[in-house]
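Each chain, letter by letter, is given below.
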Amino acid sequence: RLANTYEMLGLMLSSSGEYQEALDYAQKAVQIEERFDSARSAAADQEGLAGSYYVLGVAQHDLAEFQDSLASLRKSAAIREMITTTDADLYAQVRTRLSGTYGEIGTVFSEIGRPADAIAATRQGLDVMNTLAAAHPKDRSFREYVFEHTDVIASYFEQMGDHAQAEGYYEKAQAGFKATSASDPNDTNSKLWLGVSDSELGKVQVELGEVTTGMENIRAGLEIALALYQADPSENTDKLPNVASAYAASGFAFAHMAEQPGIAAAERLRDWKQSQAQYQK
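First, a word on scope: everything that follows refers to the structure included in this document. Here the structure is a predicted model, which is why all the values come from computation and not from measurement.

**Brief notes about the packing of aromatic side chains**
Then step 1. Summed over the entire model, instances satisfying the criterion amount to four aromatic pairs.
Then step 2. Where Y6 meets Y25, the ring centres are 5.7 Å apart and the plane angle is 35°; that geometry is what we call tilted. One end of the pair, Y6, is in helix 1 (residues 2-15); the other, Y25, is in helix 2 (residues 19-35), with 19 residues separating them in the sequence.
Then step 3. The class for Y25 is partly exposed, based on a relative accessible area of 24%.
Then step 4. Site record: aromatic cluster; members linked through ring pairs are F147, F177 and W193.
Then step 5. The ring of Y169 carries K172 above its face, with NZ or CZ at 5.1 Å from the centroid.
Then step 6. Looking at K203, its charged tip hangs above the ring of F252, at a distance of 5.0 Å from the centre.

Have a look at this one:
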């Protein structure tokens with residue numbers, strides 16, 4: 001219980017930007033968990049050890065200790081891969097967290113300029129979630145996690161400059177979030193992700209020369225982002241950055257159009273002014 005308390009403190013401190021303190025608490029949690037590791041075989045106990053390594057990996061990531069972070073996250077994933085239990089709820093929880101661990105590994109790889117490794121890690125997380133979603137077809141959260149992983153993989157392909165692959169993954173994510181958000185009007189998480197995938201897909205389509213379709217998706221993403229923010233401006237930690245990103249996507253699209261050869265000077269100027277206005281917003 002003390003180790004778990006240290007883990008919770010570590011996560012909270014990471015969230016509030018107190019990264020060194022978060023690392024200190026995460027290290028205390030790992031030290032406690034490791035002392036009892038050899039004497040434990042219960043799935044819940046093993047998950048506790050995996051959780052402490054995950055929190056440590058997150059804290060190391062926040063401090064840009066990327067290689068240490070990868071080592072800790074890989075330990076967490078390896079432990080979770082080995083956990084077996086007849087408790088269906090616990091097993092689903094462990095596998096969900098395993099998927100998230102692979103996602104975090106992907107994030108670290110992306111930040112150190114290794115998008116191909118980021119894709120490989122995130123695909124492992126996607127495979128885990130696809131299996132869970134197939135086994136629990138009525139659980140919306142598993143399907144949403146599938147589409148979140150899909151969207152993130154698309155962003156890594158975009159990072160690599162492979163816009164065709166990025167478009168395909170963004171389209172899958174967009175279709176998935178359209179389905180989940182349509183099935184529950186109160187599912188703001190799906191709507192938020194739908195807006196993100198709309199904007200990201202639109203940018204890629206503009207780069208691929210699919211300007212009309214791309215602009216339509218960018219407008220749709222902006223509409224969703226604005227609607228979610230305006231519905232509750234107080235809860236803006238995720239919503240307001242999405243509004244800013246949607247405006248930036250629009251600015252990018254107009255700038256791209258302004259740079260095309262063979263257009264009239266008046267049209268080019270109009271696109272540049274639109275781009276400037278969207279970026280300023």
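Now, onward.
**So, the packing of helix 7 (residues 140-160) against helix 8 (residues 163-183)**
Then step 1. Look at helix 7 against helix 8: their axes get within 8 Å of each other, and the N-to-C directions meet at 155°. In terms of orientation, helix 7 and helix 8 fall into the roughly antiparallel class. Between helix 7 and helix 8 lies a crossing of left-handed hand. Between helix 7 and helix 8, the residues in contact are R140, R143, E144, F147, E148, T150, D151, I153, A154, S155, F157 and E158 and H163, Q165, A166, Y169, Y170, K172, A173, G176, F177, T180 and S183, respectively.
Then step 2. In terms of residue class, the contact of helix 7 with helix 8 is made up of nine nonpolar, seven polar and seven charged.

**Focus on the side chain of E144**
Then step 1. In this fold, E144 is placed in helix 7.
Then step 2. Look at E144 and you get buried, because its relative accessible area is 9%.
Then step 3. E144 has contacts with F177, T180, D187, N189 and S190, leaving out every residue within four places of it along the chain.

**Some words on the environment of T122**
Then step 1. Structurally, the position occupied by T122 is in helix 6 (residues 115-135).
Then step 2. With relative accessibility at 1%, the residue T122 sits in the buried group.
Then step 3. Taking C-alpha positions, T122 is 7.8 Å from V152, a pair spaced 30 residues apart along the chain.
Then step 4. With sequence-adjacent residues up to four places away left out, T122 is seen in contact with Y102, G106, H149, V152, I153 and Y156.

Rules used in this analysis
Residues numbered from 1 in each chain as written. Predicted model: local features only at pLDDT ≥ 70, side-chain atom pairs only at ≥ 80, totals over all residues. Heavy atoms only, no water. Phe/Tyr/Trp six-rings, centres within 6.5 Å; stacked < 30°, edge-to-face > 60°. Helix = DSSP H or I, 4+ residues; strand = E, 2+ residues; numbered from the N terminus. Buried < 20%, exposed > 50% of the residue type's maximum accessible area, 1.4 Å probe, protein only. Lys NZ or Arg CZ within 6 Å of the ring centre and 35° of its normal. Axes fitted to C-alpha atoms, helices over the stretch in contact; angles between N-to-C directions. Parallel < 35°, antiparallel > 145°, perpendicular 65-115°, else oblique. Left-handed = near helix turned anticlockwise from the far one by under 90°. Contact = heavy atoms within 4.5 Å. Nonpolar A, V, L, I, M, F, W, Y, C, P; charged D, E, K, R; others polar.

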